[in-house]
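Working through the structure, step by step
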Amino acid sequence: MNSIDIDVGGTFTDLVLNYEGRSLIKKVPTTPYDLSVCFSKVIEEGAASVGLTMDELLPAIDMIRYSTTIALNRLIEKKGPRLGLITTEGHEDVVLIGRGAQWIDGTRVAERRNLAIQKKPDPLIPRDLIVGVKERIDSRGQIVRPLDEEDVRAKVRTLVNRGVRGFVVSLLWGFLNPTHEKRIKEIIRDEYKEFHIGFLPVVLGGQVVGKLGEYERTMAAILDAYLQRSMQIELSAMWDKLRDRGYTKPLLMIQSSGGIAEVFRTAASRTFNSGPVSGLMGAHHVAKTLGYKNVVMSDMGGTSFDVGLVVEDSVRSYDFRPIIDRWMVGITMIKTFSIGAGGGSVAWLDKLLENRIQVGPKSAGSMPGPACFNQGGTEPTVTDADVVLGYLNPEFYYGGKLRLKKERAIQAIREKIAKPLGIEVEQGAQIIRKIVNGNMASAIMKEVHLRGYSPEEFILFVGGGAGATHVEGYMADIPKAITFNFSPVFCAFGSSTMDIMHVYEASKKITLMEPGSQRLAEDFDGYNRAVEKLIEQAKQDLVADGLHVDAAGYVLELDMLYGGQFHVKRTLSPKLSLHSAADVLAVCAAFEKEFSEAFSPFVVNPEGGVFIESFILKAIVPTKKIELPRLNLEGSNPSPAGKGERPVFWTEAGGFQPTPIFAYELLHPGNVIEGPAVVEGEYTTLVVPPSMWFSMDDRSLGILEKK
């Protein structure tokens, strides 16, 4: 299958092209002013590498998968439309009150320490644009108070007169019985029809998130409505360019749940964190191929450093109430962890801490970029420090397409760091590198230790353009790191390994085992109807995407808990339907196993009863995966890949010393390089310190280990 996978990062846009049995990678600088520009440019680069034009390549492509940070970027800019919120009368202040910890949601630990400046974020919809309508549905989905349609019409007109250009409708218990939410949408459509200039989009909370949690459900709907127009414009521009160049298949978006859906059937809020999630899914695929069960996936790009875990051959670790920017939403996301640490992270002096050097979270991005890019940037960055210390070759950065100005890097570090502290430029650069490496190592250890694991049990996968340059400093207690020829574009590679997957969630409380008596459920209709409803929805969407329903498989997960306990555990159900007591026991046993592994066998409590809170169905259409073939091992001597020597700063040596340089692409399976050394690739540079050695295995994977 010919496919294109693209990941848009803060600094570079990455591509993995699979064409006629060949697989290749490309990178171009991200164009934040218009992401469709770098989107087209990276496809042009890929086409040229196989001797084709973009117009010749695209008609032969079967699938394009895309992960992006468009949604987060637009949210940070706060450039969404003026929205109105319609909710149940008496509940107008729910999103303004939020959860108890809303004032620290989305802030960094360092910011939380300064309590004096903490405040809730400015609401995306102000109070004067929130109205309550006369209606009420109870917790069983029964209509207690019929919808007053005249009240709705009057309040809709009031909101429009106040400047509203889009609506969010999120009623109390609207996800259980959507009758009133749908009727309000019909009324708005009747007032402002599709052919009117004043046509207004309407987002229903119950359709965005079909489960319990009024605040989280409403905020997810607000974010969707707030981002819908800007994402539609941006993605439509990309879609139009693809169509004009002859591409006729779907454009698929990676979702933070691990799913993939056609771009025009994807909610904006479900695209957050899609890049790191696709990287983690790629790590899972590679780990299975190589036989590793526990993997830390790391990705250091130009803006951020992302970490995810594969544990016991599984990535089913979820954040059930993730924070998007400053708001908690009810959309389940695969758990990853990110910090502001990348090649473009800016180093600065914290005057409140006696001029202590800090690195990040601010990034120079791709424009103007680090000072050494010579594009107008004046702030010292991690990349500038790497150039000053000799790790990066100014003549071969980005495969020689971008010539770096070392003197600009020296000037930026001297003026902003070294001179104020009275130290040498090289010392300042060394401190910058040490701090960013420490921040990343801390992020990995925090993710591993706080989830109850030991780092010695894991293998570290290295991704991102800057990952190989810094992995020796952030691998900490993990014994082995692995680099790949596709490491610089690992997130794009990850999406190329993903099956097409639609994810559906629905809240429904069911008792599988009664508390006290531990009597098993005998009425299976509630369970079976809930699953059948989700499967039917999945089939409709698969047909709409042009996919064969018969090719799809279904995986059911259940949010379950014991009676008297707070923690919900998402469990892989062994049964799509229940027909006997043995089926119920099988589901309960699966829950007990996963619950005891996640928490402790000592808190398993079947005496309190076993309950289901939500159903999660995954409809999966398999795709062909990239293979990692075995190759014959050659000699250990890496000399044929040698590129000479240059001075490189080594802490162990106390300064600069002549260091052998090797070409990554010229290394062969079996080659071994003893540190100190630097291995240069087209899109990344690997640093091998004196205390380590680097080897190529029989799959052309690079292994970095301590001597």
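Another aspect to go through is the overall build of the chain. When you go through the chain residue by residue, the secondary structure sums to 17 helices and 34 strands. At 27 Å, the chain has a C-alpha radius of gyration in line with the 27 Å of a compact globule built from 707 residues. For the chain, the spread of C-alpha atoms along the principal axes amounts to about 80 × 60 × 60 Å. Within the span of the chain, comprising 707 residues, buried residues form 55% of the whole. Contacts spanning at least 24 positions in sequence make up 67% of the contacts within the chain whose residues lie at least 6 apart. Taken as a whole, the chain presents about 29,700 Å² of accessible surface, with 52% of it coming from carbon and sulfur. When the 80 basic and 87 acidic side-chain charges of the chain are each reduced to a single mean position, those positions are 4 Å apart.

Let's shift gears to the sheet that holds strand β32 (residues 685–688). Strand order in this open sheet of four strands is β28-β29-β31-β32, and the pairing throughout is mixed. Edge positions in the open sheet fall to β28 (642–650) and β32, since each of these has one partner strand only. Strand-to-strand twist across the sheet, computed as the mean angle between neighbouring axes with direction ignored, equals 30°. For strand β31 (residues 677–680) and β32, the ladder comprises four bridges, and the chain directions are antiparallel. Across the sheet, E680 pairs through a bridge with T685, a residue of β32.

The terminal C-alpha atoms of helix α10 (residues 274–290) lie 24 Å apart, and with 17 residues this matches the ideal 24 Å at 1.5 Å per residue to within 8%. With 14 of 17 residues buried, α10 is to be regarded as a mostly interior element. Directly beyond the C-terminal end of α10, a positive phi value near 85° is found at G291.

A few words on a nonpolar patch on the surface. Taken together, Y33, V37 and M367 make up a surface patch of nonpolar side chains, about 310 Å² in accessible area. Note on placement: M367 falls in the loop between β21 (356–363) and α11 (382–388).

With that out of the way, let us pick up the pairing of β28. Note: β28 against strand β29 (residues 655–663), seven bridges, orientation antiparallel. Within β29, the position partnered with F649 by the bridge is F656. In this structure, the hairpin formed by β28 and β29 is closed by a connection of four residues, where G654 is found at a positive phi of approximately 75°.

Our next topic: the environment of I25. Along the polypeptide, I25 turns up in strand β3 (residues 22–29). Through-space distance from the C-alpha of I25 to that of A283 is 17 Å; in sequence the pair is 258 residues apart.

With that settled, the discussion passes to the packing of aromatic side chains. Aromatic ring pairs: the centre-centre distance and the angle between the two ring planes describe each pair. According to the stated counting rule, one finds 22 aromatic pairs in the structure shown. Here the aromatic rings of F486 and F490 are separated by 5.6 Å at their centres, their planes lie at 50°, and the arrangement is tilted. By the burial criterion, F486 is buried, and F490 matches it. Chaining the aromatic ring pairs together yields one cluster made of Y292, F461, F484, F486, F490 and F493. Positioned over the ring face of Y318 is R570, at 4.8 Å from the centre of the ring.

Another aspect to go through is the side chain of H502. With respect to the helices and strands, H502 occurs in strand β24 (residues 500–513). A polar contact of 3.2 Å, which involves the side chain of H502, links it to the side chain of Y504. Ignoring anything within four residues of it in the chain, the contact list for H502 reads I260, A261, D541, L542, D545, L617, K618 and A619.

If you look at the biggest cluster of nonpolar residues, it comprises 211 residues, and the most contacted ones within it are I43 and F461. Residue contributions to this core peak at 14 residues, all from helix α9 (residues 214–244). Once you skip the residues sitting within four places of it in the chain, I43 turns out to touch I4, I6, L15, M54, L57, L58 and L242.

Following the criterion strictly, the structure yields zero disulfides and no others. Free cysteine C38: the closest other cysteine sulfur is in C491, separated by 15 Å. You can call C38 buried: its relative accessible area is 1%.

Glancing now at the pattern of salt bridges. One pass over the structure, following the stated rule, counts 37 salt bridges. Residue R140 pairs with D138 through a salt bridge whose shortest N-O separation is 3.6 Å. R140 sits in the exposed class, given a relative accessible area of 68%. Take D138: its relative accessible area is 15%, and that puts it in the buried class. Here the residues in one salt-bridge network are R153, R157, D190, E191 and K193, joined through shared partners.

Summarising the element assignment, D5 is placed in strand β1 (residues 3–8). For D5, a relative accessible area of 0% translates into the label buried. Of the polar contacts made by the side chain of D5, one reaches the side chain of R65; its length is 2.8 Å. A polar side-chain atom of D5 sits 3.2 Å from the main-chain amide nitrogen of S496. Leave out the neighbours within four places in its chain, and D5 touches D14, L15, V16, N18, R65, A492, S495 and S496.

Rules used in this analysis
- Residues numbered from 1 in each chain as written.
- Predicted model: local features only at pLDDT ≥ 70, side-chain atom pairs only at ≥ 80, totals over all residues.
- Heavy atoms only, no water.
- Helix = DSSP H or I, 4+ residues; strand = E, 2+ residues; numbered from the N terminus.
- Rg over C-alpha atoms; globule rule 2.2 N^0.38 Å.
- Buried < 20%, exposed > 50% of the residue type's maximum accessible area, 1.4 Å probe, protein only.
- Contact = heavy atoms within 4.5 Å.
- Areas by Shrake-Rupley, 256 points an atom, 1.4 Å probe, with all protein chains shown as cover.
- Lys, Arg positive; Asp, Glu negative; His and termini not counted.
- Charge placed at Lys NZ, Arg CZ, Asp CG, Glu CD.
- Pairing = 2+ DSSP bridges.
- Axes fitted to C-alpha atoms, helices over the stretch in contact; angles between N-to-C directions.
- Expected span 1.5 Å × (residues − 1).
- Patch = residues over 30% accessible without salt bridge, like charges linked within 9 Å, V, L, I, M, F, W, Y side chains within 5 Å.
- Salt bridge = Lys/Arg side-chain N within 4 Å of Asp/Glu carboxyl O.
- Phe/Tyr/Trp six-rings, centres within 6.5 Å; stacked < 30°, edge-to-face > 60°.
- Lys NZ or Arg CZ within 6 Å of the ring centre and 35° of its normal.
- Polar contact = N/O pair within 3.5 Å; in protein donor to acceptor, adjacent residues only side chain to side chain.
- Core = buried A, V, L, I, M, F, W, Y, C linked by side-chain atoms within 4.5 Å.
- Disulfide = S-S within 2.5 Å.

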